[in-house]
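Listed here are the chains, written in short residue letters.
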Amino acid sequence: MSLKQIIGADTLLDIQESYLQYIETSAAIYEVDGNYAASLFTSRWCDFLNQASKKLCGNVSEAEAMKSGKWICHEDCWAISLKSIKDKKPCEMECSGGIVIYAAPIIVEDIVFGSNNAGISNPPTDETKIREIADKFKVSSQELSKIAKEYMPRPEYVFNAVRNHILTASRTFVSTFLRRQAEEELIEYKEHLEVLVQERTAKLQTEVEERTKIEKELTDIFNLSLDIICIADLSYYFKKINPAFEKILGFTKEELLSRPFIEFIHPDDRDASIKEMIRLSQGMALTHFANRYLCKDGSYKYIEWAASPISDEGITYAIGRDVTKHRELEAQNKMILRTSIDSFIVVDPKGRLLDVNDSFCKMTGYSREEALKMSVSDIDAIESQEEAKIHIQRIIDTGGDRFETKQRTKDGRIIDVEVSVNYIKDKEIMFSFMRDITDRKTIERELNELNYNLQKRVAEEVQKNRLKDQLMYEQSRHIAIGELLVNIAHQWRQPLCAIGVIIQDLKDAYNCKELDDKYLENSIDTTFKELDYLSKTLDDFKNFYGRDGEKAYFNLSDTVHNTLSLMMGYLKSRNISIAYDMDDSIMIYGHTREFSQVILNLVSNIKDVFENRKIDNGLIKIASSIDPASGNVILTIMDNGGGIPDDILGKIFDPYFTTKSKRRGTGLGLYISKVMVEKNMNGSIIVRNTDDGCEFKIEVQR
């Protein structure tokens, strides 16, 4: 059956007029197949555009216009109604005429019979918008603008009331449908009963017994139900109540039936309860309405009601459930939120504050009354109103967010806050917890500044250490140069003596008349050989003293031999010999002169040990090899100088540590050698005692 058949065209129009009188727009009730059950235009704007859009379909009937797909107003109106039918829930959209349409499905026992809709917004006043609408509907924009200006704008709360009215109307349709269905079934039953009355005469007693049984079962359900069940009349008296009423409230049946039930309702809830009774008397069903009922012990209990009126009989059937514990839990939760240390707010999808707790007021300085007149963008110090709108939509789409932002307080301060927000889809609200983290942010900034200053100081100290290392390096080179000068002196002493002898011999030969061309030529050749030797010594000294350029591969054996050649004269004068066991093919990567200084420092220290301990026949063994496991180059320098005392073995590479007198040592030679090997060549240098001396081991990558 259709809605028009079930409800009646006049009743449908009466329902539409009941809310259109407040908004003066348009309304339509659709059957589930898209046909009109009822439609009404009280707005010039809607009627004007509807007629204009119908003309665009051509000179056709209403039925043909509806099928054409060109009847703009009908298509928009049916589109939103169809969506509510498919989704089985209320929805809304803006039509081509600039009016927001709200539609609610009409559902009976989970079967959709149609949709009830109405325009719930004022006509647009923006001239650009009006011109766009006029172009679409092929009408005069001046005339359309005039109609818009004639319309008296309604406030938003009126449209909200109409939304509720439409929902109530849809529920009324359901109640009417059920009642009509019951009436038709009863009529059908009576007709069928008349046909079968004679046939069932013999079975009448059985049917009476069965009916008695059914009535008993219904009575048992009525009496055993844990929920309150009652029948009330329009004079505010209970006509019948079940035992659950007595059990929950504590009053006897006689006490509850003898007084108007309004006297049992909490005084603060009576006005709202009377309004609901009036709506019931008008045939409107009641659901999810709660009020407080007096108990025998003087306390009150929350009862949530669902009621359906029987207007013809002037009575109402109602079922109530005790929701006191649920309400107390809700109140407890609200109290917890209100007294929470963290700030708490409730926000609607438009960003308006619906509720705040005391902590929020304390944090921002606003009173609760002031806060409830504000929106999120009023207190956020970072996001603009448009950015806040986008952020809220993202929260709605994702279900929540957690972020940090800054907020303005009433006294103008800017505070850092941490926000955790969740969107409750079925209630279309956002719960947001906020915590003032200004102190934490201040500490973080101070820590960052401290870290920055610390890093700066570390960099400065590193630079100082680099300068200090450089100074030590230079000092070490000067010491090495001093050692070289001593070695050069030993190297030059013999050639200079030889040159002196040659000169003296020339003089004696001249005096004795023995000087001839051959004698002179031999003396000159011998003198030049000695001078070449002296020149070579100077070149070696210059090569050692000069600075290295870029790192490069160099031959390990050649470097060791060239370095020690500078000391050979001195070593021989001290009866110190060197034994080589070198692989001539090994190449390593680094600075040649730095590595030469390392070799020179190590051998100089060994030489000093020989002198201090007066060791005759000192022996230095130098060997090179490649470690088969790592592939690294190993260079060992061993001596027979008696080793290093255990108490100083671990200190010999420390800067400024020396066992020599201040006049002869600075304690930098071995330290600089370690730095050069480890930092500049990514290698290592270690020392250990052997049976008759010590061994220095240098390991570097190839």
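Fair warning: this is a prediction, and the values are worked out from it, not measured in the lab. (Residues numbered from 1 in each chain as written. Predicted model: local features only at pLDDT ≥ 70, side-chain atom pairs only at ≥ 80, totals over all residues. Heavy atoms only, no water.)

1. Quick look at the overall build of the protein
Stated formally: Comment: elements are numbered from the N terminus, with helices defined as DSSP H or I runs of at least four residues and strands as E runs of at least two. The cut-offs for exposure are 20% and 50% of the maximum accessible area for each residue type, with area from a 1.4 Å probe on protein chains only; residues under the lower value are buried, those over the upper are exposed, and the others partly exposed. Note on contacts: a residue pair qualifies if any of its non-hydrogen atoms lie within 4.5 Å across the two residues.
In terms of regular secondary structure, the protein is built from 24 helices and 22 strands. For the protein, the residues scored as buried account for 41% of the 702 residues in total. Considering only contacts within the protein whose residues lie at least 6 apart along the sequence, 56% involve residues at least 24 apart.

2. Description of the sheet that holds strand β5 (residues 111–119)
The cut-off we apply is this: When DSSP finds two or more bridges between a pair of strands, those strands are recorded as paired. Only the stretch in contact is used when fitting a helix axis, every axis being a line fitted to C-alpha atoms; angles between N-to-C directions are given from 0 to 180 degrees.
On the basis of which strands lie adjacent, the open sheet formed by 5 strands has the order β2-β1-β5-β4-β3 and antiparallel pairing. What marks the edges here is a single partner per strand, and that holds for β2 (36–41) and β3 (91–94). If you compare each strand with its neighbour and ignore which way they point, the axes differ by 15° on average. Direction of pairing for strand β1 (residues 26–31) relative to β5: antiparallel, over a ladder of 5 bridges. Residue I29 lies in a different strand from β5, and its bridge partner there is N116.

3. Notes on the nonpolar core
As a reminder, the rule being used: Definition of nonpolar core: a set of buried residues of the types Ala, Val, Leu, Ile, Met, Phe, Trp, Tyr and Cys, connected through side-chain atoms within 4.5 Å.
Formed by 41 residues in total, the largest nonpolar core has its most connected members in L556, I588, F595, I620, I622, L635 and I698. Per element, the largest residue contribution to this core is 8 residues, and it comes from helix α22 (residues 592–612). Setting aside anything within four residues of it in sequence, one finds L556 in contact with M582, I586, I588, F595, S624, V633 and L635. Judged by nonpolar contacts, the second largest core, of 29 residues, contains I23, A104, V108 and I120.

4. Looking at a nonpolar patch on the surface
Selection rule: Patches here are clusters of residues that have more than 30% relative accessible area and form no salt bridge, with a 9 Å joining cutoff for like charges and a 5 Å cutoff for nonpolar side chains (Val, Leu, Ile, Met, Phe, Trp, Tyr). For every accessible area listed, the method is Shrake-Rupley and the probe measures 1.4 Å; residues are considered covered only by the protein chains on display. Each salt bridge in this description consists of a side-chain nitrogen of Lys or Arg and a carboxyl oxygen of Asp or Glu lying within 4 Å of one another.
Taken together, the side chains of Y510, L515, L520, I524, F528 and L531 make up a nonpolar region of the molecular surface, amounting to roughly 560 Å² of accessible area. With 4 residues, helix α19 (residues 517–545) is the largest single contributor of residues to the nonpolar patch. Note on placement: F528 falls in helix α19.

5. Quick notes on the pattern of salt bridges
Evaluated as defined, the whole model comprises 29 salt bridges. D269 serves as the salt-bridge partner of R292, at 2.8 Å between the closest nitrogen and oxygen. Taken together, the residues span a long stretch of sequence, with R292 in strand β8 (residues 286–294) and D269 in the loop between α11 (253–258) and α12 (270–281) at a distance of 23 residues. A salt bridge links D608 to K607; the nearest nitrogen and oxygen atoms lie 3.2 Å apart. A single salt-bridge network, built from bridges that share partners, covers R402, E404, E418, R440, K441 and E444.

6. Side note on the packing of aromatic side chains
We count it as follows: Stacked, edge-to-face and tilted labels apply to pairs of Phe, Tyr and Trp rings (six-membered ring for Trp) whose centres lie within 6.5 Å, assigned for plane angles under 30 degrees, over 60, and everything in between, in that order. Sitting over a ring, as applied to charges here, requires NZ of Lys or CZ of Arg to be within 6 Å of the ring centre and within 35 degrees of the ring normal.
Here the structure, examined in full by the defined rule, presents 13 aromatic pairs. Through a chain of ring-to-ring contacts, three or more aromatic side chains come together here, namely Y236, F238, F245, F261, Y293 and W305. The residue whose ring lies beneath R154 is Y151, and the NZ or CZ to ring-centre distance is 5.1 Å. One cation-aromatic arrangement involves K240 over F222; the distance from NZ or CZ to the ring centre is 4.9 Å.

7. A few points about a negative patch on the surface
Stated precisely, the cut-off is as follows: We count Lys and Arg on the positive side and Asp and Glu on the negative side, and we leave His and both chain ends out. A charged residue contributes its charge at one atom only: NZ of Lys, CZ of Arg, CG of Asp or CD of Glu.
On the surface, a cluster of negative charge is contributed by E109, E184, E185, E188, E191 and E194. What makes E188 exposed here is its relative accessible area of 55%.

8. A word on the sheet that holds strand β22 (residues 694–700)
The sheet built from 5 strands is open, its strands ordered β17-β19-β20-β22-β21 with mixed pairing. Each end of this open sheet is capped by a strand with a single partner; those strands are β17 (576–581) and β21 (684–689). Each strand of the sheet is rotated relative to its neighbour by a mean of 15°, with strand direction disregarded. Along the sheet, helix α20 (residues 556–565) makes contact with β17, β19 (618–626) and β20 (633–639), crossing β17 at roughly 170°. Relative to the sheet, helix α24 (residues 669–680) contacts β21 and β22, its axis offset from that of β21 by approximately 135°.

9. Things to note about the pairing of β8
Both β8 and strand β9 (residues 300–310) contribute to a ladder of 8 bridges, which runs antiparallel. Residue R292 lies in a different strand from β9, and its bridge partner there is Y302. Between β8 and β9, which pair antiparallel and follow one another directly, the connecting turn spans 5 residues, one of which, G298, has a positive phi of 95°.

10. Let's talk about the environment of I80
Summarising the element assignment, I80 is placed in helix α5 (residues 72–87). For the pair formed by I80 and Y102, sequence separation is 22 residues and the distance between their alpha carbons is 7.6 Å.

11. A closer look at the packing of helix α3 (residues 44–55) against helix α6 (residues 127–137)
Between two packed helices, what matters for the description is the angle formed by their axes and the separation of those axes. Selection criterion: Charged residues are taken to be Asp, Glu, Lys and Arg, nonpolar residues to be Ala, Val, Leu, Ile, Met, Phe, Trp, Tyr, Cys and Pro, and polar residues to be all remaining types, Gly included.
It is the contact of α3 with α6, at a shortest axis distance of 9 Å, that shows an interaxial angle of 35°. Between α3, through W45, L49, A52 and S53, and α6, the contact on the second element is made entirely by I130, I133 and F137. Of the residues contributing to the contact of α3 with α6, the split by class is 6 nonpolar, 1 polar and no charged.

12. Things to note about unusual backbone geometry
Although it is not a glycine, K88 sits at a positive phi angle of roughly 55°. Among the structural elements, K88 can be located in the loop between α5 and β3. Despite not being glycine, K138 has its phi angle at roughly 60°, a positive value. Examined against the element boundaries, K138 turns out to sit in the loop between α6 and α7 (141–150).

13. With respect to the side chain of N242
Structurally, the position occupied by N242 is in the loop between β7 (238–241) and α10 (243–249). A relative accessible area of 0% places N242 in the buried class. Those residues in contact with N242 that sit more than four places away from it in its chain are F222, S225, D227, I228 and I229.

14. Looking at α22
Each α-helix turn comprises 3.6 residues. Residues three or four places apart therefore point the same way. We count it as follows: In this analysis, the expected span of each helix is defined as 1.5 Å times one less than the number of residues it contains.
Given a rise of 1.5 Å per residue, 21 residues ought to cover 30 Å, and the 30 Å separating the end C-alpha atoms of α22 matches this to within 8%. Of all 21 residues in α22, 15 are buried; the element is thus mostly enclosed. Looking one or two residues beyond α22, the residue adopting positive phi is K614, at roughly 55°.

15. Topic: the confidence of the model for the protein
Note the threshold: The pLDDT score gives, residue by residue, the confidence of the prediction method on a 0 to 100 scale.
Mean pLDDT over the protein stands at 83; residues scoring 70 or higher make up 87%. Per-element averaging of pLDDT across the protein places α19 at the bottom with 66 and β20 at the top with 95. Throughout residues 661–665 the model reports pLDDT below 50, and contacts reaching past four residues in sequence, or to other chains, amount to 5 contacts.

16. Comments concerning α5
Over its 16 residues, α5 runs 22 Å from end to end, which matches the ideal 22 Å to within 8%, given 1.5 Å per residue. Taken from the residues just after α5, K88 is the one with a positive phi, measuring 55°.

17. A closer look at the pairing of strand β15 (residues 429–436)
Inspection of the sheet shows strand β11 (residues 343–347) paired to β15 by 5 bridges, in the antiparallel sense. Each bridged residue has a counterpart across the sheet, and for V346 the counterpart in β15 is F431. As judged from the 8 bridges shared by strand β14 (residues 414–424) and β15, these two strands associate in the antiparallel manner. Its bridge partner being in β15, Y423 is matched across the sheet by M430. Hairpin remark: β14 followed by β15, antiparallel, with 4 residues in the connecting loop; positive phi at E428, about 55°.

18. Points about the side chain of T25
Quick note on the threshold: Side-chain atoms alone can form a polar contact between residues adjacent in sequence; in general such a contact is a pair of N or O atoms within 3.5 Å, and within protein one must be able to donate a hydrogen while the other accepts it.
Tracing the chain through its elements places T25 in the loop between α2 (9–23) and β1. Since its relative accessible area comes to 1%, T25 is described here as buried. Within the structure, the side chain of T25 is placed 2.8 Å from the backbone oxygen of G119, a separation counted as a polar contact. Setting aside residues up to four positions removed in sequence, T25 forms contacts with L20, F41, T42, S43, C46, G119, S121 and Y151.

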